[in-house]
Amino acid sequence: FVPRVLAGRKVVLTAGPTFEAIDPVRGITNISSGKMGYALARACAQAGAEVVLVSGPVSLPVPAGVRRVTAGSALGMREQVFAALPGADVFIGVAAVADYRPLEVAEHKIKKSGETLEIALTPNPDILAEVAARQDAPFCVGFAAESRDLDAYAEGKRRRKGLPMLVGNLVSDGMGGDENTVVLYDDAGRHPLPRAPKAELAHGIVSHLARLLDGCRPQ
Ligand code: C5P
């Protein structure tokens, strides 16, 4: 039984990595299984929300009750997010968006030369920060995967991006696997959740965000 704490709400999420092309056969990407984002999309649907999942390249099945749209690059993901955003009450950025993309995409396959090859990179837009900065911003939730100093980096990110809630985890605790250890950060402080399968954590995250959304103090 899942309490329908998001009934009547629309949730837009991003999940997975992005892929930034270098040439027709190569690119830069981040390591992300997409499992946490997909689990969260599923949990939101089970909680009664209308869910749009903007997904980078992963091979995971579409969760029941979720509308999935696929994206390749960060720019493509941003476009899909903004298309899905009208009417959204909640935006959750779970995707591991590439911070940079090649400044130019070669039209043809780059040939080996034995020389050093330099690829100029340009920063990608921060989708979550952009959504959170809008006048009509939905309730925005961020994720932060850090390799150390989780509390300082996660809370710093939450404040910098102007988010009411952020989910932090240590890379060593959860990446790629089916379980994770996460800490939730909000204006009231830090709330560690017990280590659990991602599907279970997703329900904990949903119930915390639903309480904040309803203006109640989470227990
Ligand atoms: O700054 P960092 O990439 O660690 O922030 C992580 C959070 O910001 C995640 O919620 C991620 O989905 C989001 N993000 C984004 N667009 C970017 C970079 C990060 O939406 N270009």
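Quick caveat: nothing in here was measured; it's all calculated off a predicted structure. (Residues numbered from 1 in each chain as written. Predicted model: local features only at pLDDT ≥ 70, side-chain atom pairs only at ≥ 80, totals over all residues. Heavy atoms only, no water.)

**Observations concerning the overall build of the chain**
Scanning the chain from terminus to terminus reveals six helices and 14 strands. Computed over C-alpha atoms, the radius of gyration of the chain comes to 18 Å, within 12% of the 17 Å expected from 2.2 N^0.38 for 219 residues, which places it in the range of a compact globule. If you line up the chain on its principal axes, its C-alpha atoms span 60 × 35 × 35 Å. Within the chain, residue pairs in contact and separated by at least 24 positions form 61% of the contacts whose partners lie at least 6 positions apart. Total accessible area on the chain stands at roughly 11300 Å², and carbon and sulfur atoms take up 51% of it. Side chains of the chain give 25 positive and 24 negative charges; the mean places of these two sets differ by 4 Å. (Helix = DSSP H or I, 4+ residues; strand = E, 2+ residues; numbered from the N terminus. Rg over C-alpha atoms; globule rule 2.2 N^0.38 Å. Contact = heavy atoms within 4.5 Å. Areas by Shrake-Rupley, 256 points an atom, 1.4 Å probe, with all protein chains shown as cover. Lys, Arg positive; Asp, Glu negative; His and termini not counted. Charge placed at Lys NZ, Arg CZ, Asp CG, Glu CD.)

**So, the pattern of salt bridges**
Throughout the structure, instances matching the rule amount to 12 salt bridges. A salt bridge links R26 to D23, with the nearest nitrogen and oxygen atoms 2.4 Å apart. On the basis of relative accessibility, which here comes to 33%, the residue R26 falls in the partly exposed class. The class of D23 is buried, set by a relative accessible area of 3%. Between R158 and E155 there is a salt bridge, with its nearest N and O atoms 3.0 Å apart. One end of the pair, R158, and the other, E155, are both in helix α4 (residues 150-161), three residues apart, so they sit about a helical turn from each other. Salt bridges sharing common partners tie together E155, R158, R159 and D187. (Salt bridge = Lys/Arg side-chain N within 4 Å of Asp/Glu carboxyl O. Buried < 20%, exposed > 50% of the residue type's maximum accessible area, 1.4 Å probe, protein only.)

**Re helix α6 (residues 198-213)**
Because an α-helix completes one turn every 3.6 residues, residues spaced three or four positions apart along the sequence face the same direction. In a regular helix each residue adds 1.5 Å, so 16 residues correspond to 22 Å; α6 covers 22 Å between its end C-alpha atoms and thus fits that length. Those residues of α6 that sit buried are K198, L201, A202, I205, V206, H208, L209, A210 and L213. Following α6 by one or two positions, G215 has its phi on the positive side, about 80 degrees. (Expected span 1.5 Å × (residues − 1).)

**Let's talk about a nonpolar patch on the surface**
Where nonpolar side chains cluster on the molecular surface, the patch consists of Y100, L117, I119 and L121 and spans about 390 Å² of accessible area. Looking at the secondary structure, you find Y100 in strand β7 (residues 100-102). Note on Y100: relative accessible area 44%, which makes it partly exposed. (Patch = residues over 30% accessible without salt bridge, like charges linked within 9 Å, V, L, I, M, F, W, Y side chains within 5 Å.)

**Examining the site of the ligand**
Around the ligand sit G93, V94, A95, V97, P125, D126, I127, L128, G142, F143, K157 and K161, and that is every residue in its neighbourhood. Here an oxygen atom of the ligand and a backbone polar atom of F143 are 2.9 Å apart. The side chain of K161 places a nitrogen or oxygen atom 2.8 Å from an oxygen atom of the ligand. Against a free-state accessible area of 440 Å², the protein chains account for coverage of 86% of the ligand. Put simply, the parts of the chain that give the shell around the ligand at least two residues each are α3 (127-133), β9 (139-146) and α4. Residue classes in the shell around the ligand are distributed as seven nonpolar, two polar and three charged. (Near = heavy atom within 4 Å. Polar contact = N/O pair within 3.5 Å; in protein donor to acceptor, adjacent residues only side chain to side chain. Nonpolar A, V, L, I, M, F, W, Y, C, P; charged D, E, K, R; others polar.)

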